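For reference, the chains in residue letters:
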Amino acid sequence: MSFEYTTEVEVRYADIDTYGHVNNATYATYFEEARIDYLDDVVDAGEALLSDSGSGVGIVIANLEADYRKPVRISDTVAVAVRVPRLGEKSFPFEYEVRTDEGVAATGETTVVTYDRDTESSRPIPEDWRDAITQFEGL
């Protein structure tokens, strides 16, 4: 399965640790930025997820994994490729590749659970999300 979605992420000075490369914890932020862009572009849900209204559908992270292959430095141009390989009833994974001009610097995966902000509980993936992701990913 290929990555059909890619978004650029800015490397900020605050991302850099004392070794001169992006700190490992920052990759979770890069994954988050890419995930929000994906949801905004593919299912038109990014703005709703960032809303502070406290109601509606959201997602929560159930699991996060990252594997580091090579350092990313402040001078690097970074793109994060994102894909959704499958859909469950209430959850689904995102897979990531953090890429520089030198190739893949890191890979990762998050499992997200769709969340009803009003009842503060998990809920089935909205059908419009399911349809849009299925069509985009060819699932």
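Model, not experiment: these values are computed from the prediction. (Residues numbered from 1 in each chain as written. Predicted model: local features only at pLDDT ≥ 70, side-chain atom pairs only at ≥ 80, totals over all residues. Heavy atoms only, no water.)

Q: Before we go on, may I ask you to explain the pairing of strand 5 (residues 103-116) in this structure?
A: Consecutive side chains of a regular strand alternate in pointing toward one face of the sheet and then the other. With 11 of 14 residues buried, strand 5 lies mostly within the body of the structure. Sheet topology note: the strand 2 (residues 57-68)/strand 5 ladder contains 11 bridges and is antiparallel. Across the sheet, residue Ile61 finds its bridge partner in strand 5, namely Val112. For strand 4 (residues 91-100) and strand 5, the ladder comprises 10 bridges, and the chain directions are antiparallel. Bridge pairing in strand 5 places Phe94 opposite Thr110. In this structure, strand 5 lies alongside strand 6 (residues 121-122), joined through two bridges in antiparallel fashion. Residue pairing for strand 6: Tyr115 is matched across the bridge by Ser122. In sequence, strand 5 turns back onto strand 6 through a hairpin of four residues, with Glu120 there showing a positive phi of about 55 degrees. (Buried < 20%, exposed > 50% of the residue type's maximum accessible area, 1.4 Å probe, protein only. Helix = DSSP H or I, 4+ residues; strand = E, 2+ residues; numbered from the N terminus. Pairing = 2+ DSSP bridges.)

Q: I would appreciate a short explanation of the packing of aromatic side chains in the present structure.
A: Here the distance between the centres and the angle between the planes together describe a pair of aromatic rings. Tallied over the entire structure, the rule returns eight aromatic pairs. Seen in terms of ring centroids, Phe92 and Phe94 are 5.3 Å apart; in terms of plane orientation they differ by 55 degrees. Their pairing is tilted. On the accessibility criterion, Phe92 (1% relative accessible area) is buried. Overall, the relative accessible area of 0% leaves Phe94 in the buried class. Members of the aromatic cluster, each reached through a chain of ring pairs, are Tyr5, Phe31, Tyr38, Phe92, Phe94, Tyr96 and Phe136. When the ring centre of Phe3 is taken as reference, the NZ or CZ atom of Arg83 above it lies at 3.9 Å. (Phe/Tyr/Trp six-rings, centres within 6.5 Å; stacked < 30°, edge-to-face > 60°. Lys NZ or Arg CZ within 6 Å of the ring centre and 35° of its normal.)

Q: What am I meant to see in the nonpolar core here?
A: Soluble globular proteins: nonpolar side chains tend toward being buried together. Among the nonpolar cores identified, the biggest contains 30 residues, and Tyr27, Tyr38, Val43, Val80, Val82, Phe92 and Phe94 are the most heavily contacted of them. If you list the elements that add at least two residues to this core, you get strand 1 (5-9), helix 1 (26-43), strand 3 (78-83), strand 4, strand 5 and helix 3 (127-137). (Core = buried A, V, L, I, M, F, W, Y, C linked by side-chain atoms within 4.5 Å.)

Q: So what exactly am I meant to see when it comes to the pattern of salt bridges here?
A: Close approach of charged atoms lets side chains of opposite charge pair. Following the criterion strictly, the structure yields five salt bridges and no others. Between Glu33 and Arg12 there is a salt bridge; the shortest N-O distance is 3.2 Å. Taken together, the positions of Glu33 in helix 1 and Arg12 in the loop between strand 1 and helix 1 put the pair 21 residues apart, joining distant regions of the chain. A salt bridge links Arg99 to Glu97, with the shortest nitrogen-to-oxygen separation between them at 2.7 Å. Looking at Arg99, the relative accessible area reads 27%, which means it is partly exposed. In this structure Glu97 comes out as buried when scored by relative accessible area, which is 18%. Each of Arg12, Asp15 and Glu33 takes part in a single network of salt bridges with overlapping partners. (Salt bridge = Lys/Arg side-chain N within 4 Å of Asp/Glu carboxyl O.)

Everything listed here is a matter of coordinates, which is why it stays silent on function.
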